[in-house]
Amino acid sequence: MFQNVLGYSWFRVVSGSMQREIPEGSLVITKRTEEDAVKIGDTIAFERKDKTVVTHKVVGIIENCGGSEFRGFETKGTENPSEDPYTVLSAKIVGVAVFSLP
């Protein structure tokens, strides 16, 4: 599970999927953000179904995802050859990355 203090959360990066921007082992700090403020190019942290937190770039936005009024986000690690095979629902976003420390 992740920590959340005054809208900020922090994580240790455990893979190289964002190596050029956030090297493996880095500390990432995110800030809770309203879903309509998240834009393409933002780096977000989100919770997957298995409860792990992933930090990837937003590469696409789907309005009215799944026929609902929610937004969905297509994501990709900068080092990965293709987009993630799932859509991130806005409710699963922990925050937008605001700082990282190698």
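Structure: see above.
Sequence order sets the numbering: in each chain, residues are counted from 1 along the sequence as written. Confidence filtering applies because this is a predicted model: local features only for residues at pLDDT of at least 70, side-chain atom pairs given and counted only at 80 or more, and all residues used for totals across whole chains, interfaces and linings. By convention in this description, side-chain values take in all heavy atoms of the structure and omit both hydrogens and water.

**Regarding the packing of aromatic side chains**
One pair of aromatic rings is described through two measures. These are the centre distance and the angle between the planes. The line we're drawing: Classification of ring pairs uses Phe, Tyr and Trp, with its six-membered ring standing for Trp, and accepts pairs whose centres are within 6.5 Å; under 30 degrees between planes counts as stacked, over 60 as edge-to-face, and the remaining range as tilted. Counting from the N terminus, the helices are DSSP H or I runs at least four residues long and the strands are E runs at least two residues long. Type-normalised accessible area, obtained with a 1.4 Å probe on protein chains alone, sets the label of each residue: buried when under 20%, exposed when over 50%, and partly exposed for intermediate values.
Per the stated rule, a full pass over the model turns up one aromatic pair. Relative to Tyr 86, the ring of Phe 46 lies with its centre 6.1 Å away and its plane at 65°, an arrangement referred to as edge-to-face. Taken together, the residues Phe 46 in strand 3 (residues 43-47) and Tyr 86 in the loop between strand 5 (72-76) and strand 6 (88-89) connect sequence positions 40 residues apart. Phe 46 sits in the buried class, given a relative accessible area of 1%. Relative accessible area serves as the criterion here: at 28%, Tyr 86 is assigned to the partly exposed category.

**Points about the pattern of salt bridges**
What counts here: A pair is scored as a salt bridge if a Lys or Arg side-chain nitrogen falls within 4 Å of a carboxyl oxygen belonging to Asp or Glu.
Evaluated as defined, the whole model comprises five salt bridges. Among the salt bridges present, the one from Glu 79 reaches Arg 20, with a minimum N-O distance of 2.4 Å. Highlighted residues: Glu 79 in the loop between strand 5 and strand 6 and Arg 20 in the loop between strand 1 (8-12) and strand 2 (27-31), separated in sequence by 59 residues. Of the charged contacts, one joins Lys 57 and Glu 21 as a salt bridge, the two residues approaching to 3.2 Å between their closest N and O atoms. Placement of the pair is Lys 57 in strand 4 (residues 53-62) and Glu 21 in the loop between strand 1 and strand 2, with a sequence separation of 36 residues.

**Side note on a nonpolar patch on the surface**
Rules: Here the term patch refers to residues with relative accessible area over 30% and no salt bridge, with like charges joined within 9 Å and nonpolar side chains (Val, Leu, Ile, Met, Phe, Trp, Tyr) within 5 Å. All accessibility values rest on the Shrake-Rupley procedure with a 1.4 Å probe; residue burial counts only the protein chains present in the view.
A surface patch of nonpolar side chains, about 710 Å² in accessible area, is lined by Val 5, Leu 6, Tyr 8, Trp 10, Val 98, Phe 99 and Leu 101. At the level of secondary structure, the elements contributing two or more residues to the nonpolar patch comprise strand 1 and strand 7 (93-101). At three residues, strand 7 tops the list of elements feeding residues into the nonpolar patch. As for its position among the elements, Val 5 is in the segment before strand 1.

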